Amino acid sequence: MRKIFDFHGGIHPPENKRQSLGEPIRDAGIPGQLVIPLSQHIGAPSAPIVAVGERVLKGQVIAEAGGFVSVPQHAPSSGTVIAIEERPIPHPSGFRAPCVVIECDGRDEWLPHTGIDNYPGVSPSELLEHIREAGIAGMGGAGFPAAVKLRQKPGATVDTLIINGTECEPYITADDALMRERAADIIAGAEILRHIVGPAETLIGVEDNKPEGIAALRAAAGDSGIEVVEFPTKYPSGGEKQLIEILTGKQVPSGGLPADIGVVCQNLGTTVAVRDAILDGRPLISRITTITGEAVAHPGNYEVLLGTPISHLLELAGYDATRNNRLVMGGPMMGFTLTDTAAPVVKTTNCLLAPTEAELPTPPPAQACIRCGLCAEACPASLLPQQLFWFARGKEYEKLEEHNLFDCIECGACSWACPSQIPLVQYYRASKAEILQQRRDHDKSEQSRLRFEARQERLAREAEEKEAKRAARKKAAELKARQAATGAENEDPIQAAIERAKAKKAAQQQAAGSESEVDKLEQAVVTASKRLQTATAKLEQARAEGSDLVDALQTGVDKTRAKLEKAEQALADHRAAQGNGGALSTGAEAAPVDAAQAAIEKARAARAADADLSPRDKARKQLESLQQRLAKSEKRLADSRNAGEEDKIVEALEASVERLRDKIAATETELATHAAAENH
Amino acid sequence: MLEFISQYPLLAALLALVGLGAVFGALLGFAAVRFKTEGDPIADQINDILPQTQCGQCGHPGCRPYAEAIANGEAINKCPPGGEATIHALADLLDVEPIPLDEEHGEEKVKAVAYIREDECIGCTKCIQACPVDAILGAAKQMHTVIASECTGCDLCVEPCPVDCIDMIPQEENLQTWHWQLPELGRANVDVIASDLDTDRAA
């Protein structure tokens, strides 16, 4: 006799199993429609590979695995795909999810399929591939892809393979029924798993409340080496970690997997599905589901095609909606309330519970926690449910994690034990989800931060590159300018030569085309006389009005007259010179003579013009020139000061400025006397 | 010298203390240089808590500057995308009282994802330039689109769009994001089973 261990805590709720064991497994038949959700398992949803309107055969793949942790889906019966759309699914949220809907033709026509005759001669990895292609996901409730769970890490050894036939939740008898009726299939499946995993020992764990099942299994196992272990009934001994502890005495480390301590655990239903897949080539298209509760007339176990609407099953079992207070999928401890009976049976639907109000009453309002500690005594994971409850209410997520919230298996033993009817598990589920959400958000924000920083870096780099380019361009331009400047200096003699040549040419042209020169001079005379006219007119007007501007206008008129005279003189001289030049010589030599002559004539004209001026005008002219000189000198002085030249120079400049100022003052007085004299 | 000191015990004590002071001072000085922390660790921790939407609703150009501002004493309630959870986390970290969200900077909203109505997009690239996390794909005169998984829902792309073709679509709860809620206190009907205690008593 094998040594049996015990785990901490646990409860003994009423079993209520005999109601559904009165009759053998019945076939639920083929419903009118089958609704296959694409996500019946843990992991990525499957991807549909059939089109609407396509005819499918029983066992045909209708959706393939959407990732490594995923399984394909198969058509449970022959018919036509009439829709791929969102339909209600069995989920506590009551949400709809993508499903493939098949209209059954009732012919139940199989796709040709064959099993593997001699599986011991086939490698485990090939068998795992078959299991994966058969769409097998854990049928105990969680729905984890079986092939992924059975795949071993390289180098890891498995001491114990455990087939979980515990079925510890009240009401559920699906595995019990399998043991009673299909013990040989279970043993065959266990043999296949043993071949794949290669453990030192293979155990089938069953609670002692299923004596018929145990007897059948022992008879089927014979001397195959597969040991059927019987142990006392206690909830939740069917929990994977609890069962491992019961059978081996070893505890799975917190946050670890059974594989870490050399154990692989599979559900009994999954084992049968593996046998069907390997020996018959039959994918997972049906399962045994318990329908029980006082609101159904014929409780029992049904072999149901996956995708069968729950309403179809309920009808078979004689469901009385008026007596039912709520419809539960799963057991009374870990199940959830179904919101829609149109939802289908899926790979994890082990039980449909339709209790009356008296049977499973609506929980009364929760009372305050009295810190009795019953929950801690009941907890199979040795946690402190009471502390967790306070932290969950206070949303102290860090504390929750410190108190190993994630080791909670959500078995509901604490809620069941609580005398204040506090829905403790609900708090833990919500807190777990919240923490996971926060982790996801944190990962997302971390990603966003990295992207943001990468972008900032990129922008900075681009700005830098732009700046560098701009600087390079500027430098190039400067270099070019400098080159041009130095080039000009270098070319100076040439440039000068060019300039000289140009000047010569211009002079020649001037000599050659004197007509234009004459024109110019004539033009000048005309403009000057015009100006004189306007100026005189203005002067007349000013005089008539008695304006203050008379003096200024007078000066203007005088000046214009002088200019006119000059222009006339220049024209006359030019004409005379041309006449002379033409007589004396032609060509280049004529030009200098002309120019000198012109200068002399100009000077003369200027003197003559000056002589014509009144003393007052002379004084004014002098004043103007003095003022110009003063401005120049002052500028010079300022420049010298700024340039920081020697004191002597600055002093000298200052002295000259002073002198000029004196002169200006003198000239001004002179001008004033002239003005006074004229006015008198 | 030693004799002189031994004659004056007060002097000996004084010298000993000064000597010790000098030794420890040198040690501390060395440690300060040798084990110098780079950057501002508090600002880093704060930045770690902020949601990194880079939306600028707090009045800072990004989450990092706000984290630095908080480290320098700015209020912790200016982050609408983070909401209550962020305020609580910051209050925990900085050991201050949590305060309600400052409404001036916006309200806590359901997380949204930008969606470009692609028929209306004229390909101006203005939203691409506005996106702080490079979550918009496109080129000049080409249709743009948002990479939903990278979008932080910061709203910054909505304003610059000249044809107003960007919608902020609130993310609805789906099967992947759904989770159990905390039970309401005193609520009679909770959808968790695990309570057939009365049956047991009756049985």
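Residues numbered from 1 in each chain as written. Chains lettered and ligands numbered in written order. Predicted model: local features only at pLDDT ≥ 70, side-chain atom pairs only at ≥ 80, totals over all residues. Heavy atoms only, no water.

*Asks:* Provide a residue-level description of the overall build of chain B, including the pertinent values.
*Replies:* Helix and strand content of chain B: seven helices and four strands. Helices (α) and strands (β) of chain B occur, in sequence order from the N terminus, as α-α-α-α-α-β-α-β-β-β-α. Counting across all 203 residues of chain B, residues that qualify as buried make up 33%. A separation of at least 24 residues holds for 50% of the contacts in chain B among residues at least 6 apart in sequence. (Helix = DSSP H or I, 4+ residues; strand = E, 2+ residues; numbered from the N terminus. Buried < 20%, exposed > 50% of the residue type's maximum accessible area, 1.4 Å probe, protein only. Contact = heavy atoms within 4.5 Å.)

*Asks:* Outline the sheet that holds strand β6 (residues 73-74) of chain A, listing residues and values.
*Replies:* Adjacent strands of a sheet form backbone hydrogen bonds with each other and so pair up, either parallel or antiparallel. All names here are of chain A. One open sheet holds the three strands; their spatial order is β3-β5-β6, and the pairing between them is antiparallel. Since the sheet does not close on itself, it has two edges, and those belong to β3 (47-48) and β6, each with one partner. In this structure, strand β5 (residues 61-64) lies alongside β6, joined through two bridges in antiparallel fashion. By the bridge assignment, V61 is partnered in β6 with H74. (Pairing = 2+ DSSP bridges.)

*Asks:* I'd like a description of a negative patch on the surface, backed by residues and values.
*Replies:* Taken together, the side chains of A:E396, A:E398, A:E402, B:D92, B:D95 and B:E97 define an acidic patch exposed on the protein surface. As for its position among the elements, B:E97 is in the loop between α5 (83-94) and β1 (112-116). (Patch = residues over 30% accessible without salt bridge, like charges linked within 9 Å, V, L, I, M, F, W, Y side chains within 5 Å. Areas by Shrake-Rupley, 256 points an atom, 1.4 Å probe, with all protein chains shown as cover. Salt bridge = Lys/Arg side-chain N within 4 Å of Asp/Glu carboxyl O. Lys, Arg positive; Asp, Glu negative; His and termini not counted. Charge placed at Lys NZ, Arg CZ, Asp CG, Glu CD.)

*Asks:* I'd like a rundown of the nonpolar core, residues and numbers included.
*Replies:* Residues and elements named next belong to chain A. Membership of the largest hydrophobic core comes to 45 residues, with the highest contact counts inside it found for I131, I136, I186, I204, L217 and I278. Aside from chain neighbours lying at most four places away, what touches I278 is G115, I116, Y119, L127, H130, I131 and I192. Core analysis: the next-biggest nonpolar cluster, separate from the first, contains 22 residues, A28, I291, A295 and V346 among them. (Core = buried A, V, L, I, M, F, W, Y, C linked by side-chain atoms within 4.5 Å.)

*Asks:* Mind laying out the pattern of salt bridges, listing which residues take part and the relevant values?
*Replies:* In this structure the tally under the stated criterion is 43 salt bridges over all chains. The residue A:E624 makes a salt bridge to A:K559 at a minimum N-O spacing of 3.7 Å. With a gap of 65 residues between them, A:E624 in helix α18 (residues 615-643) and A:K559 in helix α16 (residues 550-584) connect regions that are remote in the sequence. Residue class for A:E624 comes out partly exposed when judged on its relative accessible area of 34%. Across the pair B:E74 and B:K78 runs a salt bridge whose closest N-O atoms are separated by 3.1 Å. Owing to a relative accessible area of 17%, B:K78 belongs among the buried residues under this scheme. Sharing partners across several salt bridges, the network here consists of A:D185, A:R275, A:D276, A:D280 and A:R282.

*Asks:* Kindly report on the interface of chain A and chain B, identifying the contributing residues and their values.
*Replies:* If you look at the interface, chain A gives 52 residues, while chain B gives 47 residues. Between chain A and chain B, the buried area comes to about 4500 Å², and carbon and sulfur atoms account for 58% of it. The largest per-residue losses of area from chain A upon contact with chain B belong to A:W416, A:Q426 and A:R451, which jointly make up 14% of the total buried on that side. Put simply, chain A and chain B have four salt bridges between them. At the boundary of chain A and chain B, one finds nine residue pairs in polar contact (both at pLDDT 80 or more). Contributions of two or more residues to the side of chain A that touches chain B are made by β16 (336-337), α10 (385-393), α12 (413-417) and α13 (424-490) of chain A. (Buried area = accessible area lost by both parts, 1.4 Å probe. Polar contact = N/O pair within 3.5 Å; in protein donor to acceptor, adjacent residues only side chain to side chain.)

*Asks:* If you had to explain a nonpolar patch on the surface to someone new, which residues and values would you point to?
*Replies:* Residue and element names in this part refer to chain B. The grouping of F4, Y8, L11, L14 and L15 at the surface amounts to a nonpolar patch, some 480 Å² of accessible area in total. Among the elements that make up the nonpolar patch, the one with the highest residue count is helix α2 (residues 9-34) (three residues). Examined against the element boundaries, Y8 turns out to sit in the loop between α1 (2-7) and α2.

*Asks:* Let's hear about unusual backbone geometry: which residues, and what values?
*Replies:* The bulk of non-glycine residues show a negative phi, and the bulk of peptide bonds are trans. Residue and element names in this part refer to chain A. Look at the link from Y235 to P236: it is a cis peptide, with omega at -5°. With respect to the helices and strands, the residue P236 is situated in the loop between β11 (226-231) and α6 (240-248). Despite not being glycine, N404 has its phi angle at roughly 60°, a positive value. Residue position: N404 is located in the loop between α11 (397-402) and α12.

*Asks:* Go over the pairing of strand β9 (residues 160-164) of chain A, please, and point to the residues and values.
*Replies:* The element β9(A) is largely enclosed, with a buried count of five among its five residues. Taking every second residue as pointing to the same face, both faces of β9(A) are buried, with A:T160, A:I162 and A:N164 on one and A:L161 and A:I163 on the other.

*Asks:* Now, about the UniProt feature "binding site: [4Fe-4S] cluster 1" (unreviewed entry) in chain B: what can you tell me, with residues and values included?
*Replies:* Residues and elements named next belong to chain B. Mapped onto this structure's residue numbering, the UniProt feature "binding site: [4Fe-4S] cluster 1" (unreviewed entry) falls at C55, C58, C63 and C79. The largest pairwise C-alpha distance within this set of annotated residues, which runs over 25 residues, is 9.3 Å, so the set is compact in three dimensions. Within the fold, C55 resides in the loop between α3 (41-49) and α4 (63-71). For C55, the contacting residues outside a window of four places in its chain are P81, C154 and L156. Mapped onto the elements of the fold, C58 is located in the loop between α3 and α4. Of the residues examined, C58 reaches a relative accessible area of 12% and is grouped as buried. Apart from the residues lying within four places of it in its own chain, the contact partners of C58 are Y66, K78 and H105. (UniProt positions renumbered as here; feature names shortened; annotations may be inferred.)

*Asks:* Which residues make up the environment of A:A392, and what values do they have?
*Replies:* Counting through the fold element by element, A:A392 comes out in helix α10. Judged by relative accessible area, A:A392 falls into the buried class, the value being 0%. In this structure, the C-alpha to C-alpha distance between A:A392 and A:R429, residues 37 residues apart in sequence, is 9.7 Å. Apart from residues no more than four positions distant in its own chain, A:A392 is found in contact with A:L400, A:Y427, A:S431 and B:L182.

*Asks:* How would you sum up α4(B)? Please name residues and give values.
*Replies:* All names here are of chain B. Restricting attention to buried positions, one finds in α4 the residues C63, Y66, A67, A69 and I70. Along the long axis of α4, the arc covered by the buried residues comes to 160°, so they all point the same way. Following α4 by one or two positions, G73 has its phi on the positive side, about 105°. (Arc of directions from axis to C-beta.)

*Asks:* Can you lay out the UniProt feature "binding site: [4Fe-4S] cluster 1" (unreviewed entry) in chain A for me, pointing to particular residues and giving the numbers?
*Replies:* Residues and elements named next belong to chain A. According to UniProt, the "binding site: [4Fe-4S] cluster 1" (unreviewed entry) feature falls on C369, C372, C375 and C418. Despite a sequence span of 50 residues, these residues sit close together in the fold, their greatest C-alpha distance being 10.6 Å. Its relative accessible area of 39% is what places C372 among the partly exposed residues. The residues contacting C372, other than those within four sequence positions of it, are Q386 and P419. Mapped onto the elements, C418 comes out in the loop between α12 and α13.

*Asks:* Any chance you could break down the confidence of the model for chain A for me, citing the residues and the numbers?
*Replies:* For chain A, the average pLDDT comes to 86, and 92% of its residues sit at 70 or higher. Ranking the elements of chain A by mean pLDDT puts helix α17 (residues 590-612) of chain A last with 66 and β6(A) first with 95. (pLDDT = per-residue confidence, 0-100.)

*Asks:* A description of helix α1 (residues 124-133) of chain A should follow, citing residues and the corresponding values.
*Replies:* All names here are of chain A. Where α1 is concerned, the buried positions are L127, L128, I131 and R132. All buried residues of α1 lie within an arc of 145° about the axis, which places them on one face of the element. At its buried positions, α1 is contacted by α2 (146-150), α4 (183-197) and α7 (268-280).

*Asks:* Describe the sheet that holds strand β2 (residues 33-37) of chain A, listing the residues and the values that go with them.
*Replies:* Residue and element names in this part refer to chain A. Strand order in the open sheet formed by four strands is β2-β8-β7-β4, with antiparallel pairing between adjacent strands. Edge positions in the sheet fall to β2 and β4 (55-56), since each has one partner strand and no second. Here strand β7 (residues 79-88) pairs with strand β8 (residues 96-104) via nine bridges, running antiparallel. From the neighbouring strand, G79 faces β8, where its bridge partner is C104.

*Asks:* Would you mind going over the pairing of strand β12 (residues 263-267) of chain A in detail, with residue names and values included?
*Replies:* Residues and elements named next belong to chain A. Among the five residues that make up β12, five are buried, leaving the element largely enclosed by the rest of the structure. Relative to β12, β9 is paired through five bridges, and the arrangement is parallel. Its bridge partner being in β12, L161 is matched across the sheet by V264.

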